[in-house]
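Coordinate analysis (summary)
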Amino acid sequence: MNEARFAHPVLDAQALGDEPRAVRLLGEDYVLWRDANGTPCAARDRCPHRGTKLSLGRVCEGQIECPYHGWRFDGAGRCTQIPALPSFTPSDSHALSPLRVVQAHGLLWLQLEGALNLPRFDGEADAKLRKLNVGPYDVATSAPRIVENFLDLAHFGFVHEGWLGDRGHVALDDYRVQSTATGFVATGCRAWQPQSNRLSTEGSWVDYRYEVMAPYTAVLTKLPQRQDGYRDEIALFACPVEPEKSRVWFRMAVTDHDSSDAELSAFQHTIFTQDQPVLESQVPRLLPVSGGEVHCAADRSSAAYRRFLLESGITFGVC
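Let me begin by describing the structure that accompanies this report. (Residues numbered from 1 in each chain as written. Predicted model: local features only at pLDDT ≥ 70, side-chain atom pairs only at ≥ 80, totals over all residues. Heavy atoms only, no water.)

1. Concerning the overall build of the protein chain
Summing up its helical and strand segments, the protein chain has 4 helices and 17 strands in all. For 319 residues, the compact-globule estimate of 2.2 N^0.38 gives 20 Å, and the C-alpha radius of gyration of the protein chain, at 22 Å, lies within 12% of that figure. C-alpha extents for the protein chain along the principal axes are approximately 75 × 45 × 30 Å. Across the 319 residues of the protein chain, 51% fall into the buried class. Summarising the internal contacts of the protein chain: among those between residues at least 6 apart in sequence, 58% fall at separations of at least 24. Counting every atom, the protein chain has about 14300 Å² of accessible surface; 49% of that belongs to carbon and sulfur. (Helix = DSSP H or I, 4+ residues; strand = E, 2+ residues; numbered from the N terminus. Rg over C-alpha atoms; globule rule 2.2 N^0.38 Å. Buried < 20%, exposed > 50% of the residue type's maximum accessible area, 1.4 Å probe, protein only. Contact = heavy atoms within 4.5 Å. Areas by Shrake-Rupley, 256 points an atom, 1.4 Å probe, with all protein chains shown as cover.)

Encoded structure:
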């Protein structure tokens, strides 16, 4: 499964405390916990003894304890204790298979196979930009549908009328799409927006740049022309929970240092909750990458994204 070669966001980093947490990714159940040093650990949410969910147990001195018979496992997956046999030393056959989990962008990322393949987000390293996360949102559609919507400028004047667009400015300029090692970049994108961000007080043309960083990750850079020096970088991180169910976060790196976290979150929340009912209405919920929907020249980002998924061998969330 090619999707397993990429790191996927599964949980807010601050949500993993002293107790184990169950997460679901690519149709399978996993458990996360922190070891005695606070390092996140991960494994399949299944005790090798009798198949009980480890997430129903507890964490003891950095080891996860099965709720059924009290077997304990350390962060490397080794079984360290079988209470019914205190003098028995468990072998490797009693162990869990640990999985790679890392903390980045305020989230915990799980990778099932291969070397770490975490999507890039350049705004993270810019000390001038303020960082915060918005979400998660549980959405009843596939992750590729959500990414494709994020890349689409033509819906602004209809879905986000009065916010990111209006019906008098829906014609698009001839923007450019260029392939990259991680997907593609779209430049020369421009949209008229009545309110491009929380601080904007008048309508403005906004220059957009989109980049796909991974099958379920895209980054948007916004440069409002009437706000000199203002720049927003917004990453969409989508977790493919099931083929037709996703969890979504937005990682925001913004110039606005005056608004509160609640105010910034409320603006982004308004935008995405305008998108969500449209996304959940689309049929099929899987993204048709091999035909079945008609296209026009305004859809060149969508076409590039579908080609990228096909060429990458992505099958989860597409049809």
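2. Quick notes on the environment of leucine 129
Here leucine 129 lies in the loop between strand S10 (107–111) and strand S11 (130–139). A sequence separation of 104 residues divides leucine 129 from glutamate 233, and the C-alpha atoms of the two residues are 8.6 Å apart. Other than its neighbours up to four places away in sequence, leucine 129 contacts Gly123, Arg231, Ala253, Val254, Thr255 and His257.

3. Quick word on helix H3 (residues 261–281)
Spanning 21 residues, H3 covers 30 Å between terminal C-alpha atoms, matching the ideal 30 Å at 1.5 Å per step. Here the buried face of H3 lies against S11, helix H1 (143–150), helix H2 (156–159), strand S16 (232–242) and strand S17 (245–254). (Expected span 1.5 Å × (residues − 1).)

4. Examining the sheet that holds strand S2 (residues 21–25)
The strand order across the open sheet formed by 3 strands is S2-S3-S4, and the pairing between neighbours is antiparallel. The outermost strands of the open sheet, each flanked by one partner alone, are S2 and strand S4 (40–44). Within this sheet the neighbouring strands show an average axis-to-axis angle of 35 degrees, counted without direction. (Pairing = 2+ DSSP bridges. Axes fitted to C-alpha atoms, helices over the stretch in contact; angles between N-to-C directions.)

5. Side note on the packing of aromatic side chains
All chains considered together, the criterion is met by 11 aromatic pairs. Seen in terms of ring centroids, tyrosine 137 and phenylalanine 272 are 4.9 Å apart; in terms of plane orientation they differ by 50 degrees. Their pairing is tilted. Residue tyrosine 137 is found in strand S11, and its partner phenylalanine 272 is found in helix H3; the two are separated by 135 residues along the sequence. Accessibility expressed as a relative area gives 3% for phenylalanine 272, which makes it buried. The residue whose ring lies beneath arginine 190 is tryptophan 205, and the NZ or CZ to ring-centre distance is 4.0 Å. Positioned above the aromatic ring of tyrosine 175 is the side chain of arginine 300, whose terminal nitrogen or guanidinium carbon lies 4.8 Å from the ring centre. (Phe/Tyr/Trp six-rings, centres within 6.5 Å; stacked < 30°, edge-to-face > 60°. Lys NZ or Arg CZ within 6 Å of the ring centre and 35° of its normal.)

6. Points about the side chain of aspartate 256
Turning to its location among the elements, aspartate 256 is positioned in the loop between S17 and H3. At 2.6 Å, the side chain of aspartate 256 forms a polar contact with the side chain of serine 259. (Polar contact = N/O pair within 3.5 Å; in protein donor to acceptor, adjacent residues only side chain to side chain.)

7. Digging into the sheet that holds strand S1 (residues 8–12)
One key point about sheets: their strands pair by backbone hydrogen bonds, in either a parallel or an antiparallel sense. Judged by pairing direction, the sheet is antiparallel, and its 3 strands sit side by side in the order S1-S10-S9 without closing on themselves. Here the strands that pair on one side only, and so sit at the sheet edges, are S1 and strand S9 (100–104). The sheet shows a mean angle of 35 degrees between the axes of neighbouring strands, direction not considered.

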